[in-house]
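Coordinates in review
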Amino acid sequence: MSIDKKALLTIFAVVATELIGFGLIIPVLPLIATKFQTSGLLLGFLMASYSIAQFIAAPILGKLSDKYGRKNILIISKFGTVISYIILAFANNYGLFLVSRLLDGFTGGNIAVARAYIADVTTEEDRPKGMAVIGISFGVGFILGPALGGLLFGIGASHFIPALAAGSLSLIAMILTIIILKEPKKHTKKTPSPNHLSTIIQ
């Protein structure tokens, strides 16, 4: 079974846009701190909220993708990401900022589904090449996210343009998922380790 390059490109887009969005908010933090007189503790929680939500959501989305399909969950999760950036773009208080980051984190758990998709469509021989796409997308996302956020923040001195830019990228990734990705014919089953969160959620 040869690797579907279009499918891998789509998975790359799905993961990279998640990480771009994660890094994009970093240059906006000083604005949030100044404009809303946010304490260091609350600012730190705002940054951590994405990762906390992603940690909780990853095994849940993984189980849902086993039942309802990888493609369906990837589409729904990317739609949630788009909504989170629309909320972020129009956020005018700390609470809305927090809601947008939590929603983005919960939908950002789709990275586990993206890995599962690659495992489904590759052989053991080709799987390292497929999984390398995830690693590359992480690198690209972490590099482009803060750079893009800083550049766009400099244009309007607001979080509005960076948020809409990140939402647009996620929308493109969602459209690619709808058009290009095909549901795998089989789902690779993995036995979770005893301390994995997914063993708690039955």
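Each remark here, short or long, concerns the structure printed above.
The model shown is predicted, which means the values in this text are computed figures rather than measured ones.

Next up on the list: the overall build of the protein chain. Scanning the protein chain for helices and strands turns up eight helices and zero strands. Mapped in sequence order, the helices and strands of the protein chain form the string α-α-α-α-α-α-α-α. In summary, the protein chain has a C-alpha radius of gyration of 17 Å against a globular reference of 17 Å for 202 residues, a match within 12%. Viewed in the frame of its principal axes, the protein chain has a C-alpha envelope of about 55 × 35 × 25 Å.

Turning to helix α8 (residues 160–180), a few remarks are in order. With 21 residues, α8 ought to run about 30 Å at 1.5 Å a step, and its terminal C-alpha atoms sit 30 Å apart, in line with that. Within α8, the full set of buried residues consists of Pro-162, Ala-163, Ala-166, Gly-167, Ser-170, Ala-173, Met-174 and Thr-177. With its buried residues spanning 130 degrees around the axis, α8 presents them on a single face. The inward-facing, buried residues of α8 contact α1 (5–24), α4 (70–90) and α7 (127–156).

Let us look at the packing of helix α3 (residues 40–68) against helix α6 (residues 110–121). Contact geometry of α3 with α6 gives a least axis separation of 7 Å together with a crossing angle of 40 degrees. Judged by the angle between their axes, α3 and α6 are oblique. Contact with α3, carried on its side by Gln-54, Ala-58, Leu-61, Gly-62 and Ser-65, involves Asn-110, Ile-111, Ala-112 and Val-113 of α6 and no other residues of that element.

Before going further, it helps to spend a moment on the environment of Ala-13. Inspection of the secondary structure puts Ala-13 in helix α1. For Ala-13, a relative accessible area of 16% gives the class buried. Placed 164 residues apart in sequence, Ala-13 and Thr-177 show a C-alpha to C-alpha distance of 9.0 Å. Setting aside chain neighbours within four positions, we find Ala-13 in contact with Ala-173 and Leu-176.

Attention shifts here to the side chain of Thr-10. Secondary-structure assignment places Thr-10 in helix α1. Among residues more than four places away in sequence, those in contact with Thr-10 are Leu-176, Thr-177, Ile-180 and Leu-181.

It is worth spelling out the packing of aromatic side chains at this point. Within the structure shown, the criterion is met by two aromatic pairs. Judged by centre distance (5.4 Å) and plane angle (75 degrees), the ring pair of Phe-90 and Phe-160 falls under edge-to-face. Separated by 70 residues along the polypeptide, Phe-90 in helix α4 and Phe-160 in helix α8 bring together distant segments of the chain. For Phe-160, a relative accessible area of 30% gives the class partly exposed. Ring geometry for Phe-138 and Phe-142: centres 6.1 Å apart, planes at 55 degrees, overall tilted.

Once that is clear, we can look at α6. Taking 1.5 Å of rise per residue, 12 residues should cover 16 Å, and α6 covers 17 Å from first to last C-alpha, within 8% of that figure. Residues of α6 that are buried include every one of Asn-110, Ile-111, Val-113, Ala-114, Ala-116, Tyr-117, Ile-118, Ala-119 and Asp-120, and no others. In this fold, the buried residues of α6 make contact with α1, α3, α4, α5 (94–107) and α7.

A few words now on a nonpolar patch on the surface. A contiguous nonpolar patch, built from Phe-45, Ile-52, Phe-55, Ile-56, Ile-60, Leu-64, Tyr-68 and Phe-106 and spanning about 730 Å² of accessible area, is present on the exposed surface. With seven residues, α3 is the single largest residue contributor to the nonpolar patch. Note that Leu-64 resides in helix α3. Take Leu-64: its relative accessible area is 32%, and that puts it in the partly exposed class.

What follows concerns the environment of Glu-125. By secondary structure assignment, the location of Glu-125 is in the loop between α6 and α7. Along the sequence, Glu-125 and Ala-33 sit 92 residues apart, while their C-alpha atoms lie 49 Å from each other.

Below, the discussion takes up the packing of α4 against α6. To characterise two packed helices, one gives the angle between the axes of the helices and the distance between these axes. Contact pair α4 / α6: the axes reach a minimum separation of 10 Å and the direction vectors enclose 155 degrees. On the basis of the axis angle, α4 is roughly antiparallel to α6. Judged by the sense of rotation from one axis to the other, the crossing of α4 with α6 is left-handed. Between α4 and α6, the residues in contact are Arg-70, Ile-73, Leu-74, Ser-77 and Lys-78 and Asn-110, Val-113, Ala-114, Ala-116, Tyr-117 and Asp-120, respectively. For the contact of α4 with α6, a count of residues per class yields six nonpolar, two polar and three charged.

Reading the values: the criteria
Residues numbered from 1 in each chain as written. Predicted model: local features only at pLDDT ≥ 70, side-chain atom pairs only at ≥ 80, totals over all residues. Heavy atoms only, no water. Helix = DSSP H or I, 4+ residues; strand = E, 2+ residues; numbered from the N terminus. Rg over C-alpha atoms; globule rule 2.2 N^0.38 Å. Expected span 1.5 Å × (residues − 1). Buried < 20%, exposed > 50% of the residue type's maximum accessible area, 1.4 Å probe, protein only. Arc of directions from axis to C-beta. Contact = heavy atoms within 4.5 Å. Axes fitted to C-alpha atoms, helices over the stretch in contact; angles between N-to-C directions. Parallel < 35°, antiparallel > 145°, perpendicular 65-115°, else oblique. Phe/Tyr/Trp six-rings, centres within 6.5 Å; stacked < 30°, edge-to-face > 60°. Patch = residues over 30% accessible without salt bridge, like charges linked within 9 Å, V, L, I, M, F, W, Y side chains within 5 Å. Areas by Shrake-Rupley, 256 points an atom, 1.4 Å probe, with all protein chains shown as cover. Salt bridge = Lys/Arg side-chain N within 4 Å of Asp/Glu carboxyl O. Left-handed = near helix turned anticlockwise from the far one by under 90°. Nonpolar A, V, L, I, M, F, W, Y, C, P; charged D, E, K, R; others polar.

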